[in-house]
Amino acid sequence: MEFSVQTANPAKAETACLVLPVFKGSDLLPAVAKLDDASERLIGQLLERGDFDAALGNVQLIPFAPGLGAERLLLVGLGKREKCQETAFIKALDAALTALVKLPIDEACIAFTDVPLEDRDTTWKARKTFEAAERAIYRFDRFKSSPQKAPSLAKLNLIISDADAAPMAKQGAALGIAIGQGINLTRTLGNLPGNVCTPRYLAEQAEQLGRGSQGALEVEILDEEALEALGAHSLLSVGRGSQEPSRLIVMKYQGAENPEEAPHVLVGKGITFDTGGISLKPGEGMDEMKFDMGGAASVFGTVKAVLAIKPKLNVVFIVAAAENMPDGAATKPGDIIKTLKGLTVEVLNTDAEGRLVLCDALTYAERFTPASVIDIATLTGAVIIGLGHHATGLLSNDDDLALDLLDAGEAAWDRAWHLPLWDEYQEQLDSNFADLANIGGRPAGTITAACFLSRFADHFPWAHLDVAGTAWNSGKQKGATGRPVGLLTQYLLDREADAQVENSDD
Ligand code: BES
Ligand code: MN
Ligand code: ZN
């Protein structure tokens, strides 16, 4: 998506469509009021007559706009002014852009940065507008014999009333496009079926990102032979029952001025299909376990955003990829495996496989002496019971890191919620036969899963994001959401900003 920023009077804007946000039962926004004045009160009259109800998310196309520079107008309801916060703003944006991309036009003007939102500046509103635009043009129809026509919208112009805000609007637009495209890559990888998106396919995606990066991304793939030699038996134990070989994928981005600067590490769970293994899952809805690489997909999406934004910091991206299947060679309940760290694990349930691939990836991360390590995983059904589909579960061994992630989620409006990781929970993982068990019983399933990971994260500040409830939608809207690319990218940008403050201090 291309962008531009215009400070013209919206009545004069020459465009195929002008998108105008309207509050219900309140004054028109300044830009909309200007246009209203120039058009014999076209909008004011529509509202008065009740022909347009500005309830949140309602849209109305006005296909002719005589006397105006625009060929069409698209009115979008913001709902009541007092209720207009982030969630409402984004809902209105999504409604506007969903309607806009259905029109046979290739550019449009949008006046959303004027909408008043407490604590949100023009940069944020511009960023969200373009994120929404990228999400709206997304299609996943490569397996349909007759795909619908792709949206023709290729350029969106932001209409802003304050010329001084133009640099902020431009910065926000560029960020929104980068993050939106990262989100869309994450959605595509998630949506791809398990028979296409295998561990080797993910490795190939990494190679492709590396090739397209002009040297900015260094990629290393560890195959099963390399993993065996390394001693990553826990990761390997998960793929044992599958015909598809496992992979550990490592991507390095060196953006800091000082190449020695400690990197931030993102680790993604990449189970390309989770049958549960010998502890087989029930059949209903099992197709959705193709999304069990959602954490890995969000790591790839963040790589894409980072390559576009080019922040000045070092990041290592790791994906632990395997397919969890039952066959004669599969790991069985009761089997004991030795992890890369050397700890032994009694596998009491082969369906608790995510932690088994992640623990070796966390141990691998240690070699980078990281500033922080964050793993992202569709780890537990229990997080859906606790938080539903709105918040990502956050657990950490470091309260400062947890706060940084909560802040990033709030800033990006891709929010997480902090759960406790108290020592009291650890004993649920006691095993009679090995150093620890891979499950901790029914109580606090999300917490005991994180407790398991914490045993492998004792050498660095670490946080775990359980995205089982947020990485994809079920039902009619079934599909990957692209979360938490917004949160992760924001976290990295915030660390870049921190480093710049530190550097200017000395
Ligand atoms: N990938 C699943 C978690 C999951 C389940 C995500 C349902 C989204 C929807 C994970 O590998 C898993 O199976 N976890 C088990 C752990 C249990 C065996 C301790 C779970 O949550 O049931
Ligand atoms: Mn599982
Ligand atoms: Zn899983």
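This text follows the structure it describes.
Described below are features of the structure shown in this document.

Definitions and limits used
Residues numbered from 1 in each chain as written. Chains lettered and ligands numbered in written order. Predicted model: local features only at pLDDT ≥ 70, side-chain atom pairs only at ≥ 80, totals over all residues. Heavy atoms only, no water. Salt bridge = Lys/Arg side-chain N within 4 Å of Asp/Glu carboxyl O. Helix = DSSP H or I, 4+ residues; strand = E, 2+ residues; numbered from the N terminus. Axes fitted to C-alpha atoms, helices over the stretch in contact; angles between N-to-C directions. Parallel < 35°, antiparallel > 145°, perpendicular 65-115°, else oblique. Left-handed = near helix turned anticlockwise from the far one by under 90°. Contact = heavy atoms within 4.5 Å. Nonpolar A, V, L, I, M, F, W, Y, C, P; charged D, E, K, R; others polar. Buried < 20%, exposed > 50% of the residue type's maximum accessible area, 1.4 Å probe, protein only. Pairing = 2+ DSSP bridges. Right-handed = clockwise from strand over helix to strand, strands pointing away. Donors = N, O, S within 2.8 Å, 3.2 Å for Na, K, Ca; no water. Tetrahedral: all angles 85-135°; square planar, octahedral: opposite > 155°, others 65-115°. Expected span 1.5 Å × (residues − 1). Lys, Arg positive; Asp, Glu negative; His and termini not counted. Polar contact = N/O pair within 3.5 Å; in protein donor to acceptor, adjacent residues only side chain to side chain.

All told, the structure shown has 23 salt bridges when counted by the stated rule. One salt bridge in this structure joins Glu-131 and Lys-128, with 3.0 Å as the shortest N-O distance. Taken together, the residues span about one helical turn, with Glu-131 and Lys-128 both in helix α4 (residues 122-137) at a distance of three residues. Note that Arg-483 and Asp-414 form a salt bridge whose closest N and O atoms lie 2.6 Å from each other. Highlighted residues: Arg-483 in the loop between β19 (479-480) and α14 (485-505) and Asp-414 in the loop between α12 (399-412) and β15 (416-418), separated in sequence by 69 residues.

Following both chains from N to C, one finds helix α5 (residues 166-191) and helix α9 (residues 294-309) inclined at 155°, their axes separated by 8 Å at the closest point. Considering their axes alone, α5 and α9 lie roughly antiparallel with respect to each other. For the crossing formed where α5 meets α9, the hand is right-handed. Taking contact as the criterion, the partners of Leu-175, Ala-178, Ile-179, Gln-181, Gly-182, Leu-185, Thr-186, Leu-189 and Gly-190 in α5 are, on α9, Ala-297, Ser-298, Phe-300, Gly-301, Lys-304, Ala-305, Ala-308 and Ile-309. Its residues placed into classes, the contact of α5 with α9 shows 10 nonpolar, six polar and one charged.

This paragraph deals with the pairing of strand β5 (residues 107-110). Along β5, one buried face is formed by Glu-107 and Cys-109 and the opposite face, lined by Ala-108 and Ile-110, is buried too. Here strand β2 (residues 18-24) pairs with β5 via two bridges, running parallel. Looking across to β5, one finds that Leu-18 is bridged to Cys-109. Where β5 lies against strand β6 (residues 155-159), four bridges are found, and the strand directions are parallel. Opposite Ala-108, over in β6, you have Leu-156 as the bridge partner. Handedness of the crossover joining β5 and β6 through α4: right-handed.

Our next topic: the coordination of the manganese ion (ligand 2). Coordination of the manganese ion (ligand 2) by the protein is provided by Asp-274 (OD), Asp-351 (O), Asp-351 (OD) and Glu-353 (OE), with metal-donor distances spanning 2.1 to 2.2 Å. In this structure, the manganese ion (ligand 2) is coordinated by six donor atoms arranged in irregular fashion, with angles at the metal of 70 to 167°. In this structure, the manganese ion (ligand 2) is positioned 3.1 Å from the zinc ion (ligand 3), and both are ligated by Asp-274. In this pair, Asp-274 sits in strand β9 (residues 264-274) while Asp-351 sits in the loop between β12 (344-346) and α10 (354-365), placing the two residues 77 residues apart along the sequence. With relative accessibility at 22%, the residue Asp-351 sits in the partly exposed group.

All right, on to the pairing of strand β14 (residues 392-396) then. In terms of burial, β14 is a largely internal element, five of the five residues being buried. The sheet contact formed by β14 and β15 spans three bridges and is parallel. Opposite Gly-393, over in β15, you have Trp-417 as the bridge partner. Handedness of the β-α-β unit built from β14, α12 and β15 comes out right-handed.

Now for the sheet that holds β2. Pairing is mixed in the open sheet, where six strands are placed in the order β1-β6-β5-β2-β4-β3. Only two strands of the sheet have a single neighbouring strand rather than two, namely β1 (2-6) and β3 (59-62). Each neighbouring strand pair of the sheet contributes to a mean axis angle of 25°, computed without reference to strand direction. Bridge count for β1 against β6 is five bridges, and the pairing is parallel. Its bridge partner being in β6, Ser-4 is matched across the sheet by Asn-157. Against the sheet, helix α3 (residues 86-100) contacts β2, β3, β4 (73-80), β5 and β6, and its axis sits at roughly 160° relative to β4. Packed on one face of the sheet, α4 meets β1, β5 and β6 and runs near 155° to β6.

Bringing the coordination of the zinc ion (ligand 3) into the picture now. The zinc ion (ligand 3) binds to the protein through Lys-269 (NZ), Asp-274 (OD), Asp-292 (OD) and Glu-353 (OE), with metal-donor distances spanning 2.0 to 2.4 Å. Around the zinc ion (ligand 3), the six donor atoms sit at angles spanning 78 to 175°, and that spread fits a shape best called octahedral. Along the chain, the residues that donate to the zinc ion (ligand 3) are spaced as K-x4-D-x17-D-x60-E. We classify Asp-292 as buried; its relative accessible area is 2%.

What follows is about the packing of α10 against helix α13 (residues 445-454). Relative orientation of the contacting elements α10 and α13 amounts to 30°, with a least axis distance of 9 Å. Considering their axes alone, α10 and α13 lie roughly parallel with respect to each other. Classified by chirality, the crossing of α13 by α10 is right-handed. Facing α10, whose interface residues are Arg-355, Leu-356, Leu-358, Cys-359 and Leu-362, α13 presents Ala-449, Phe-452 and Leu-453.

Between its first and last C-alpha atoms α5 spans 37 Å; for 26 residues at 1.5 Å apiece the expected length is 38 Å, and the two agree. A large share of α5 lies buried, amounting to 20 of its 26 residues.

Turning to its location among the elements, Glu-134 is positioned in helix α4. It turns out Glu-134 is buried and unbridged, and the closest side chain with the opposite charge, Arg-187, is 8.4 Å from it. Within the structure, Glu-134 has its side chain in polar contact with the backbone nitrogen of Met-1 (distance 3.2 Å). Residue contacts for Glu-134: discarding those within four places in its chain leaves Met-1, Ile-177, Gly-180, Gln-181 and Asn-184.

Along the polypeptide, Glu-244 turns up in the loop between α8 (233-239) and β8 (247-254). Residue class for Glu-244 comes out buried when judged on its relative accessible area of 18%. For Glu-244, the side chain forms a polar contact with the side chain of Arg-200, separated by 2.9 Å. Among all residues touching Glu-244, those that are not within four sequence positions of it are Thr-198, Pro-199, Arg-200, Gly-239 and Glu-323.

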